[in-house]
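Survey of secondary and tertiary structure
Spelled out, the chains give:
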Amino acid sequence: TRNVSVKIISPGNKIVFEKSVSFNNEEEFKIEDKIENPLLWDLDNPNLYTIIVEFGSDVYEDKFGFREFTKRDGKFYLNGKPFYMIAALDQNFYPETVYKSPSVNYMLDEMIKAKQLGINTLRCHIKIPEKEYLELADQLGLLVWYEIPNWDVFDESVKSRARKTFDAMLDRDWNHPSLVVISLINESWGIDLSKENQREWLLKEFDYAKEKAVGRLIIDNSACWGNFHLKTDINDYHIYWAMPENHKKFSEQVK
C-alpha cells in the first residue's frame, strides 16, 4: 500500500482541498471531490489554482483554472458571457532559434504587447508551443488556439502519427485554461479532401477530438480557396485579399 497526498491552493493562497489517498501499486487513482464555487479564470482575472501532489519524496506541482468556452448561435461565450475574438497568427518562428522560443522573457514580452494592442487570442501556427507558452498565457489572461503540425503527404502512417501527436498534446496541456481551440488540419495541408477515404479519416478524427478534448472547440480543416470544412465547431475561412487595394473584394467576401 502506498500513500499519495494531494493539496489544492486557491488564487488567494488558501488551501481549499487536502486529501491523502492509499492504493495498492495501481497505475492510476481517482479523487472525485469537487471544489465548490471556484473563482473563474478569464481575460481580466486569470485566476489560477495550484495543485501539489506528494508521493514519498517526489513532489509534483502545477496550475490550472476553471473556465467555460463555448459557441452557440454564431457567437463565442467565455464563462457564459459573449466573447468577441480578436486574434493574431503567431508563426512562432525566431531568427536565431527557429522553432524554439529564445526565452521565457521573450515570450512574455510578446504576449504583454499583444494584450496592449487589444489582442485576446493567439493562434499558434503549425507547431506545438513550449509548455511555458501556455503557462504565460494562463497567467496573463490570453486565449490560445493551436494545431497539429502538418505532414506533407497523406499516407497510412499519418493516421497513427496524428493520433499519437494529438493525444500527447492533450496529455501535456489539458489543464491550461488558456487553450480553447485546436485545429486538426490547416488549409488542407497534407490531405486531399477530394478523396473519400481521407475525408472519412478527418471526420473520425474530429469526433475523437471532440470526445477527448473536453472544454475545447475543434476545427477539422481551416479552409481557404479550393478546400472546405466537413465537420467543425468554427467555420474559419482563410481569405487573402491584401489591404488596402483589395478592401472592396474582402468586404464582399465576408458579407
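Heads up: the structure comes first, above all this text.
Reference entry: report on the structure contained in this document. Predicted, not measured: the structure shown is a model, and the values here were computed from it. (Residues numbered from 1 in each chain as written. Predicted model: local features only at pLDDT ≥ 70, side-chain atom pairs only at ≥ 80, totals over all residues. Heavy atoms only, no water.)

1. Regarding the layout of surface pockets
Inclusion rule: Buried and open spaces are told apart on a 1 Å grid over the protein atoms alone, a cavity being a set of points where a 1.4 Å probe fits but cannot get out and a pocket being an open set with protein on both sides within 12 Å along at least five of seven lines. Residues with an atom within 4 Å of a point are the lining residues. Grid points are joined across faces, edges and corners, and a volume is the space filled by probe spheres set on the points. Helix and strand definitions here come from DSSP, where helices need a minimum of 4 consecutive H or I residues and strands a minimum of 2 consecutive E residues; each element is numbered from the N-terminal end. Charged residues are taken to be Asp, Glu, Lys and Arg, nonpolar residues to be Ala, Val, Leu, Ile, Met, Phe, Trp, Tyr, Cys and Pro, and polar residues to be all remaining types, Gly included.
Roughly 1300 Å³ of internal volume is contained in the largest pocket. Considering the residues around the largest pocket, the lining is formed by 36 residues, among which Ile 31, Ile 51, Phe 64, Trp 174 and Asn 175 are closest to the centre. Contributing elements (two or more residues each) for the lining of the largest pocket: β1 (2-9), β3 (49-55), β4 (58-64) and α3 (156-173). In terms of residues, the lining of the largest pocket owes the most to one element, β4, which gives six residues. For the lining of the largest pocket, a count of residues per class yields 18 nonpolar, four polar and 14 charged. Size it by volume and the second largest pocket reaches roughly 890 Å³. Lining of the second largest pocket is provided by 28 residues; of these, Met 85, Trp 145, Ile 234, Asn 235 and Asp 236 occupy positions nearest its centre.

2. Regarding the sheet that holds strand β5 (residues 69-72)
Here is the rule we go by: Strands are labelled as partners when DSSP assigns at least two bridges between them. For every element, the axis is a line fit to its C-alpha atoms; helices are fit only across the contacting stretch, and the angle between N-to-C directions ranges from 0 to 180 degrees.
The three strands lie next to each other as β5-β6-β7, forming an open sheet whose pairing is antiparallel. Two strands close off the open sheet at either side, each with one partner strand: β5 and β7 (81-83). Recorded for the sheet is a direction-independent mean angle of 40 degrees between the axes of neighbouring strands. In this structure, strand β6 (residues 75-78) lies alongside β7, joined through three bridges in antiparallel fashion. Note that in β7 the partner of Phe 76 across the bridge is Phe 83.

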